[in-house]
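# Coordinates in review
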Amino acid sequence: MRVTKHLHAALTVENEGKTLVVDPGSFTTPLEGLRHVVAIVVTHEHPDHWTPEHLTRLRRDHGDVPIYAPAGVAAAAAGFDITVVEAGDTVDAGGFTLRFFGGRHNEIHSSIPIVDNLGVLVDDRLYYPGDSYAVPKGVDVELLAAPVGAPWLKIGDAMDFVLAVAPRHAFATHDMTLSVAGRDMGRARLRWATEQHGGAFHDLDPDQSVEI
């Protein structure tokens, strides 16, 4: 399995010639050169995790691939055929097994409504929580995509999340709200948290990959 970090929160997962796209949002440039896209996952409705332009482009280039997302995305993305999933669901997405966790976005502020959010576990190996600290309990996570910067994120809480998941490998994502210096400081904190259980942390810049 090859996992590629793209700008901000977008990921692609390649396995056996198939590709899964996760959270192609407004801070992410068009995803070009992808091979055999079989499914798209959108963790929640905020525009930094999906845009109509990204979904339209991906479906134009790769056919009518299914989009899996919580109910809030289906409401926000009127006009797109969204397969609604909930926490606890498991689906087969073109050969990828997807398991969903959590259910709610982390609070930004009491004045801002909390939206649906689902973490996704891919093939019982890669876990990405979206904008939450939902821990996939009982799962031995091989690779964690850990948020490092967001209006809802405090780095100490992000560290505690990594400690709770205890992945064997991790990298930082959700980082376009940070300066380079801030991103690197956050990565260092997440590296420490990953290493406490013997895991390895990977410094991935946009379009860089890790294989597991």
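Thresholds applied
- Residues numbered from 1 in each chain as written.
- Predicted model: local features only at pLDDT ≥ 70, side-chain atom pairs only at ≥ 80, totals over all residues.
- Heavy atoms only, no water.
- Core = buried A, V, L, I, M, F, W, Y, C linked by side-chain atoms within 4.5 Å.
- Buried < 20%, exposed > 50% of the residue type's maximum accessible area, 1.4 Å probe, protein only.
- Helix = DSSP H or I, 4+ residues; strand = E, 2+ residues; numbered from the N terminus.
- Contact = heavy atoms within 4.5 Å.
- Pairing = 2+ DSSP bridges.
- Axes fitted to C-alpha atoms, helices over the stretch in contact; angles between N-to-C directions.
- Polar contact = N/O pair within 3.5 Å; in protein donor to acceptor, adjacent residues only side chain to side chain.
- Salt bridge = Lys/Arg side-chain N within 4 Å of Asp/Glu carboxyl O.

- Taking an unreviewed UniProt entry as the reference, the protein is identified by name as Beta-lactamase superfamily domain protein belonging to Microbacterium ginsengisoli.

## Considering the nonpolar core
- The biggest cluster of nonpolar side chains holds 28 residues, and the ones touching the most others in it are L20, Y68, L98, F100 and V122.
- Within the residue set of this core, elements represented by two or more residues are β2 (11–15), β3 (18–22), β4 (37–41), β7 (90–93), β8 (96–104), β9 (116–122), β10 (126–128) and β11 (143–147).
- Those residues within four positions of L98 in sequence are excluded, and the remaining contacts are L20, V41, Y68, D89, T90, V91, A93, V120, L121 and V122.
- Ranked by size, the runner-up nonpolar core spans 23 residues in total, among them V141, W152, F161 and A172.

## Considerations on the sheet that holds β7
- Pairing within the open sheet is mixed, and its seven strands lie in the order β7-β8-β9-β10-β11-β12-β13. Each edge of the open sheet carries a strand with a single partner, namely β7 and β13 (200–202). For this sheet, the mean angle separating the axes of adjacent strands, direction not counted, is 25 degrees.
- Where β7 lies against β8, four bridges are found, and the strand directions are antiparallel. Bridged to A93 within β8 is F96.

## Describing the side chain of N117
- Checked against the element boundaries, N117 lands in strand β9.
- A distance of 3.0 Å separates polar atoms of two side chains, one belonging to N117 and the other to H44.
- Within the structure, N117 has its side chain in polar contact with the side chain of S132 (distance 3.5 Å).
- If sequence neighbours within four positions are ignored, N117 has contacts with T43, H44, F101, G102, G103, R104, H105, P129, G130, D131 and S132.

## Focus on the sheet that holds β3
- On the basis of which strands lie adjacent, the open sheet formed by seven strands has the order β6-β5-β4-β3-β2-β1-β14 and mixed pairing. Of all the strands in the sheet, just β6 (82–84) and β14 (208–211) have a single pairing partner and so form its edges. Across the sheet, the mean angle separating the axes of adjacent strands is 25 degrees when strand polarity is ignored.
- By the bridge criterion, two bridges tie β4 to strand β5 (residues 67–69) in an arrangement that is parallel. Among the inter-strand pairings, I40 is bridged to a residue of β5, identified as I67.
- Against the sheet, helix α1 (residues 52–62) contacts β3, β4 and β5, and its axis sits at roughly 165 degrees relative to β4.

## Focus: the pattern of salt bridges
- Evaluation of the coordinates by the stated rule reveals 14 salt bridges.
- The salt bridge involving R60 is made with D61; its shortest N-O contact spans 2.9 Å.
- In this structure R60 comes out as exposed when scored by relative accessible area, which is 61%.
- R168 serves as the salt-bridge partner of D140, at 3.4 Å between the closest nitrogen and oxygen. A residue pair is termed long-range when its members are at least 10 positions apart, and D140 in the loop between β10 and β11 and R168 in the loop between α3 (155–165) and β12 (169–173) qualify at 28 residues.
- Judged by its relative accessible area of 51%, D140 is exposed.
- Looking at R168, the relative accessible area reads 42%, which means it is partly exposed.
- Salt bridges linked by common partners bring R2, E14, R35 and E211 together as one network.

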